[in-house]
Amino acid sequence: MLEKRYEPKDIEKKWYDFWIEKNYFKAEEESEKPPYCIVIPPPNVTGSLHIGHALDITLQDIMIRWKRMSGFNTLWLPGTDHAGIATQNVVEKELQKQGTDRHVLGREKFIEKVWEWKRLYGGTIINQLKNMGASCDWSRERFTLDEGLSRAVKEVFVRLYEEGLIYRGEYLINWCPRCHTALSDLEVEHEDQQGKLYYIKYSFADGDGYITVATTRPETYLGDTAVAVNPEDERYKDLIGKKIRLPMINREIPIIADEFVDASFGTGAVKVTPAHDHNDFEMGRRHNLQFINILTGDGRMSDEAGPYKGQDRFECRKNILKDMEAIGHLEKVADHKLAIGHCYRCKTIVEPYLSKQWFVKIKPLADEAIKAVKEERITIIPSGWENSYYDWMENIRDWCISRQIWWGHRIPVWYCKDCAEIIVSRETPSACKCGSKELLQDEDVLDTWFSSALWPFSTLGWPDNTGDLKTFYPTSVLITGFDILFFWVARMIMMGLKFREQEPFRHVYIHALIRDAEGQKMSKSKGNVVDPLKMTELYGTDAFRFTLAAYAAQGRDIKFSEHRVEGYRHFLNKIWNVARFISMNVQEGEELTLAIKVKNLSLADRWILSRLSAVCLDVNKLLDEYRFNDAAGSLYQFIWHELCDWYIEMIKPELYGDNLESKSAAVSTLVHVFEVSLALLHPFMPFITEEIWQQLPCKKDAESLCIRQYPTRDEGIEDNGAEEKIAIVMDAVTAIRNIRGELNLSPSLELQALIKASNNIENVLNENMAYIQKLARARNVEIGKDIQQPKSAAAAVKPSMEIFVPLEGLFDIDAEIARLTKEKGKIEEEIQFVQKKLSNENFISKAPPAVVEENKTKYNEYMDKLKTLQDNIEKLNQWRMSDD
RNA sequence: GGGCGGAUAGCUCAGUUGGGAGAGCACAGCCCUUACAAGGCUGGGGUCACAGGUUCGAGCCCUGUUCCGCCUACCA
């Protein structure tokens, strides 16, 4: 006998261990079965599970478990990402606590420290994935700094270099002064802020007069090497070529003309700082201007800053404004909105910074990646993201891949000290071709996303041509949040196409971001983070997973509310109680066969089996379309409202009765439907389903639900006739319940019912009298076409039947008249609406005939109902008069 | 600046080729009916943001407007 309530804790661990022990999650390198593969979006090794992961994991596990049960050779490949900057930051903070830093330690020692840290804490998130029930193949777990993956990284780097798709150059890049490294464009988060626009006077070198420029960053004037105006701007035409003398530092710079300058902005004259602004950089190149770097790597003013040398960049800004004002060069200050770039790891304001970096020439790769989606070799779901994808891909700029940190894949490039030769090599070279052994490896490491871009094939063994690679590449689907569509998904597509000449996955399913109940982005600083571990602790993993699936409607953010988890825990409890109910109705030791003995089945049995088939069809179809919420909803609706509310109630008389044959038919149908339901549910809630399934008193064709065949539609048990008949029974039952509810009659009160119905309806009702008696708690149900409306009876009108509930002493004739009148009012509105349509000639002539016909039928039905209601009311009125 | 999405019941949201709007939760009433009170039955509740347009017919398609959110961008 099962416990009264479902207690998830022990059960979850028990079954997870069992699955692992049985190796169910292990994929086959070669197999007769069709392959199905998902590579996990590798979480940061420093990370711990947040709710976004939980959603991601749940959806992937649903797909994987569904496909595994459906007979696929499934591989869900797990792993973690070394997360260069993030991880380095974490370990650096540790060192700081110990009163030291990485420079004291030196590069090698520091990297050792990080590995040590990884060994100690890197398993955290992996364990948390297991807690979520993730059915990954742990024997294939990878890490982006694994030896194999590192080999892949070198291979890709060298080949791209050899093809001229990787180059080194001195450009303006995004620089984080705190992390002390370059960032790619994507790693900069822009945030709109209210800033100031400063108008500053620049005096001419040759005597009187000045030109005013507008700037948001006055401190950069220290690096100005020109002032630019639009060549067509009449105000300044004569000034082109004139020299300006910069205040304080007395540098002479020219006024130049450039098309780029927007005459309508600010004063129409712009200061040009080629080493500190992207536009100015371009202008600097066009006009051969001097590039003066006024900053150091940690965001202070460099030697070039003269008197301001050593000051912090923001302190310097204040000082310069003060000084400008003192000499009367600050003309005015205006409010100005602008977007400021912040480091995505530490939120420090980044600087455009001139330095030598490595880049990937991205256009040729992007073109192929665009084509793959255009040609539908890759489908993005929901398709709304395609536009964003194209937009980004079409305007993509070269990718800065070098990072000035230590934790990561060191760039496989060596410089010869003696002849300045650059050696790019898969292996560490021993000597330069000039004979020198004085080789220095590039100090930088690669962007973490460079290695994760290779994930779908590097994890499968590439560059070796492994069995896994042959079997599982291209992978089937990538499931992830839209926040890394560009960071990761797009780059995987580019790299996959480049190095495997095949797209890395067929489908990309992009899921929403989870926000809090107010729609705010969750963040630690806001303190509105929902901890998934707490959810599983409180409600059980299954309830949490089911909630996430039920939330996962396409194309919309999720506003997460704990209430909903609570609601689905109730659903779990409901399922648990079905199991209890079954165990109470099966003899000890009795083992039911799943085979349904067709001829003994009752109407209810045939109906629920028919519905079951429909649900199987539905769930498979919905999962196929990644409609997780609809699939979850369909199961919820079926199990709770059809199986529990109707079917189980319908068969109770059989179960408690003496007819062994019909009892056995009912029990075996119930167990069969429930067994299939558990299988359908298993991908959504693996633990409870396995726990119950293992205990079900029936023969099973697998030793675990994990590997039971996923249920599919069974046309043989579909039965339209049964569904129609049950609909009639339900109509009658609902009508009687209706009367009971609306007249506030106690559920314990047994009612009498008279049902007026003709011919075949009459037969259906008569055959199924027992259901009506049970479900409506009615006794003495009389059915016939000649039933007369009795006095003191409440009435209900349904299509093709009329129901009377005699109430004798309990009857309140006025209340009943009011009730029927309300009903009549509703039906009159309906009639009016349909009538309006039908009297519209255009509707009759232009609408499809089927629609017109449908409306006519409705009209007739409504009119019948109206007439019956009117008759009933009339009679009640007459009786009332005569009673008075 | 460009782009995308959202606005539907008190709340959270479904609504897949346009044919009189649904669910869950919440709320109200009656019930401890032997699986389940984490339950059962019943009920109330919506100008589908606003204004136009197309159509016999619009929550759905088109145009515009207002609010909200997001992505993206080198107007200093």
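Calculation notes
Residues numbered from 1 in each chain as written. Chains lettered and ligands numbered in written order. Predicted model: local features only at pLDDT ≥ 70, side-chain atom pairs only at ≥ 80, totals over all residues. Heavy atoms only, no water. Helix = DSSP H or I, 4+ residues; strand = E, 2+ residues; numbered from the N terminus. Rg over C-alpha atoms; globule rule 2.2 N^0.38 Å. Buried < 20%, exposed > 50% of the residue type's maximum accessible area, 1.4 Å probe, protein only. Contact = heavy atoms within 4.5 Å. Areas by Shrake-Rupley, 256 points an atom, 1.4 Å probe, with all protein chains shown as cover. Pairing = 2+ DSSP bridges. Axes fitted to C-alpha atoms, helices over the stretch in contact; angles between N-to-C directions. Near = heavy atom within 4 Å. Polar contact = N/O pair within 3.5 Å; in protein donor to acceptor, adjacent residues only side chain to side chain. Nonpolar A, V, L, I, M, F, W, Y, C, P; charged D, E, K, R; others polar.

## As for the overall build of chain A
Point 1. A tally of regular secondary structure across chain A gives 28 helices and 29 strands.
Point 2. Computed over the C-alpha atoms, the radius of gyration of chain A is 37 Å, more than 25% above the 29 Å expected from 2.2 N^0.38 for a compact globule of 884 residues.
Point 3. In terms of its C-alpha atoms, chain A occupies a principal-axis envelope of roughly 115 × 65 × 55 Å.
Point 4. By the burial criterion, 54% of the 884 residues in chain A qualify as buried.
Point 5. Considering only contacts within chain A whose residues lie at least 6 apart along the sequence, 76% involve residues at least 24 apart.
Point 6. Accessible surface, chain A: about 40300 Å² in total, of which carbon and sulfur atoms supply 46%.

## Topic: unusual backbone geometry
Point 1. Here I381 and P382 are connected by a cis peptide whose omega angle stands at -5°.
Point 2. Counting through the fold element by element, P382 comes out in the loop between β15 (379-381) and α11 (385-394).
Point 3. A cis amide bond, omega 0°, links Y473 with the succeeding residue P474.
Point 4. Of note, P474 is situated in the loop between α14 (467-472) and β22 (475-481).

## Some words on the pairing of strand β23 (residues 505-511)
Point 1. Buried residues dominate β23, accounting for five of its seven residues.
Point 2. Where β22 lies against β23, six bridges are found, and the strand directions are parallel. Residue pairing in the sheet places V477 in a bridge with H507 of β23.

## Concerning the sheet that holds strand β19 (residues 422-424)
Point 1. Read from one edge to the other, the open sheet built from three strands follows the order β19-β18-β20, with strand pairing classed as antiparallel. Unpaired on one side and paired on the other, β19 and β20 (439-441) mark the two borders of the sheet. Across the sheet, the axes of successive neighbouring strands diverge by a mean angle of 30°, strand direction being ignored.
Point 2. With three bridges connecting them, strand β18 (residues 413-416) and β19 associate as antiparallel partners. In the sheet register, W414 faces β19, and the bridge partner there is I423.

## Regarding the pairing of strand β28 (residues 793-798)
Point 1. With five of its six residues buried, β28 lies for the most part within the structure.
Point 2. Of the pairings in the sheet, the one linking β28 to strand β29 (residues 801-806) comprises six bridges and is antiparallel in character. Looking at β29, one finds that A793 is bridged to P806.
Point 3. Linking two consecutive strands that pair antiparallel, namely β28 and β29, is a turn of two residues; a positive phi of about 65° is found at S800 within it.

## What to know about the protein's contact with RNA strand B
Point 1. Residues in contact with RNA strand B amount to 64 residues; listed here are only the nearest, R5, F265, N279, F833 and K846.
Point 2. Protein-proximal atoms of RNA strand B, defined as those within 4 Å of the protein, fall in sugar or phosphate at a share of 57%.
Point 3. At 3.2 Å from a sugar or linking oxygen of RNA strand B is found a main-chain nitrogen or oxygen belonging to A214.
Point 4. N744 is positioned such that a nitrogen or oxygen atom in its side chain is 2.6 Å from a sugar or linking oxygen of RNA strand B.
Point 5. The greatest single-element share of the surface near RNA strand B, amounting to ten residues, is contributed by helix α20 (residues 628-656).
Point 6. Class assignment for the residues of the surface near RNA strand B results in 26 nonpolar, 14 polar and 24 charged.

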